[in-house]
Amino acid sequence: MLFDSRKFNRLTDIPIEYIMPNINQPRKKFDKNELNALAKSIAQNGILQPLTVRKLSCVEYELISGERRLKAADIAGLKKIPCIVMNCSDGQSAVFALIENIQRSDLNMFEEAQAIKTLISEYRMTQHQIAKRIGKTQPYISDKLKLLSFNEDEQKSITEHGISENQVRELLKLKTDEREHILEQIITDSLDESQTKRLVYNILNGIDIKQHKNQTQRFIIKDVRIFMNTFTKAFNTMKSSGINAVSNKTENDEYIEYSVRIPKSSAYRK
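Small disclaimer: the values here were computed from a predicted structure and weren't measured. (Residues numbered from 1 in each chain as written. Predicted model: local features only at pLDDT ≥ 70, side-chain atom pairs only at ≥ 80, totals over all residues. Heavy atoms only, no water.)

**Observations regarding a negative patch on the surface**
Link 1 in the chain: On the surface, E152, D153, E180 and E184 cluster together into a patch of negative charge.
Link 2 in the chain: For the negative patch, the elements supplying multiple residues, two or more each, are α7 (152–160) and α9 (176–188).
Link 3 in the chain: Relative accessible area serves as the criterion here: at 65%, D153 is assigned to the exposed category. (Patch = residues over 30% accessible without salt bridge, like charges linked within 9 Å, V, L, I, M, F, W, Y side chains within 5 Å. Areas by Shrake-Rupley, 256 points an atom, 1.4 Å probe, with all protein chains shown as cover. Salt bridge = Lys/Arg side-chain N within 4 Å of Asp/Glu carboxyl O. Lys, Arg positive; Asp, Glu negative; His and termini not counted. Charge placed at Lys NZ, Arg CZ, Asp CG, Glu CD. Helix = DSSP H or I, 4+ residues; strand = E, 2+ residues; numbered from the N terminus. Buried < 20%, exposed > 50% of the residue type's maximum accessible area, 1.4 Å probe, protein only.)

Below is the structure:
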């Protein structure tokens, strides 16, 4: 059931220890560096946006929105935090928590997709209702749900390696049994969005994957040559500056090795 989120009680300072987490919190991971940065800001400026909670008992409250702020406030050493106490049921609290996270774009692509699925399966909301509540279109909601066709291991790998949603959508064009191998290739070869799109296109059109991989390797070698040229320029700059440096290059089938010898008299002279 939908509810009017404007029915709030007055602003109240609540001890952190009395605020319980929301079991429907869709965000599973919090970046430690981001939390520490927010904690420093809170320590200096306080909490600018109150948390939203609902009362469970005479002293306990359930968090509806603002878990990141709650964690950061705890790190900052705050004992109490400003909260808006909301009068709502279990179901309403869950719906509000899920939608608030989606609206704030605090979730990764799979967490958002799972939150949408929960709203549909557990709280009987339609794709149209969800789209309206978060200011998106129905096709947007439908496309998000398609991301859940990846299994947990694939989702974890995609998230940990920073694979973009555009790359993921390219993978959706492939058969399920092809995705794992291609995902591994994207990660191993550090393919960007355009390279991923070309790879998937080649697969769908029956073009030899090895040919694509050779093209990718040639691209990487080209990049390495740029680094080699940069090294050469830096070495020449040292020589032209009067530093009596000596460079040696060794190359075989496995690697290219550069070494530079700089006299201490040149390295530490005042």
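**Overview of unusual backbone geometry**
With the exception of glycine, most residues fall at negative phi, and the peptide bonds are largely trans.
Link 1 in the chain: At R124, a residue that is not glycine, the phi angle is positive and equals roughly 55°.
Link 2 in the chain: For R124, the location among the structural elements is in the loop between α4 (109–121) and α5 (127–134).
Link 3 in the chain: The phi dihedral of S190 is positive, around 50°, even though this residue is not glycine.
Link 4 in the chain: By the element assignment, S190 lies in the loop between α9 and α10 (193–204).

**So, the packing of aromatic side chains**
Link 1 in the chain: Under the criterion given, the structure shown has 1 aromatic pair.
Link 2 in the chain: Relative to F150, the ring of F110 has its centre 6.2 Å away and its plane inclined at 70°; by these criteria the two rings are edge-to-face. Taken together, the residues span a long stretch of sequence, with F110 in helix α4 and F150 in the loop between α6 (138–146) and α7 at a distance of 40 residues. You'll find F110 and F150 in the same group, each marked buried.
Link 3 in the chain: For the cation-ring pair, K136 lies above Y140, with the distance from its terminal atom to the ring centre recorded as 5.0 Å.
Link 4 in the chain: Positioned above the aromatic ring of F150, the side-chain terminus of R179 is 4.9 Å from the ring centre. (Phe/Tyr/Trp six-rings, centres within 6.5 Å; stacked < 30°, edge-to-face > 60°. Lys NZ or Arg CZ within 6 Å of the ring centre and 35° of its normal.)

**Things to note about the side chain of N22**
Link 1 in the chain: Assignment of secondary structure puts N22 in the loop between β2 (19–20) and α1 (32–45).
Link 2 in the chain: When its relative accessible area of 7% is taken as the criterion, N22 is described as buried.
Link 3 in the chain: Looking at N22, its side chain comes within polar contact range of the main-chain oxygen of L63, at 2.8 Å.
Link 4 in the chain: The residues contacting N22, other than those within four sequence positions of it, are E62, L63, I64, S93 and A97. (Polar contact = N/O pair within 3.5 Å; in protein donor to acceptor, adjacent residues only side chain to side chain. Contact = heavy atoms within 4.5 Å.)

**Quick word on the pattern of salt bridges**
Link 1 in the chain: For the structure on display, the rule yields 7 salt bridges.
Link 2 in the chain: Its salt-bridge partner being K146, residue D143 comes within 3.6 Å of it at the nearest N-O pair. Of this pair, D143 and K146 both sit in helix α6, 3 residues apart, which is roughly one turn of that helix.
Link 3 in the chain: The residue R169 makes a salt bridge to E165 at a minimum N-O spacing of 2.7 Å. Of the two residues, R169 and E165 are both situated in helix α8 (residues 165–171); the distance of 4 residues between them amounts to about one turn of the helix.

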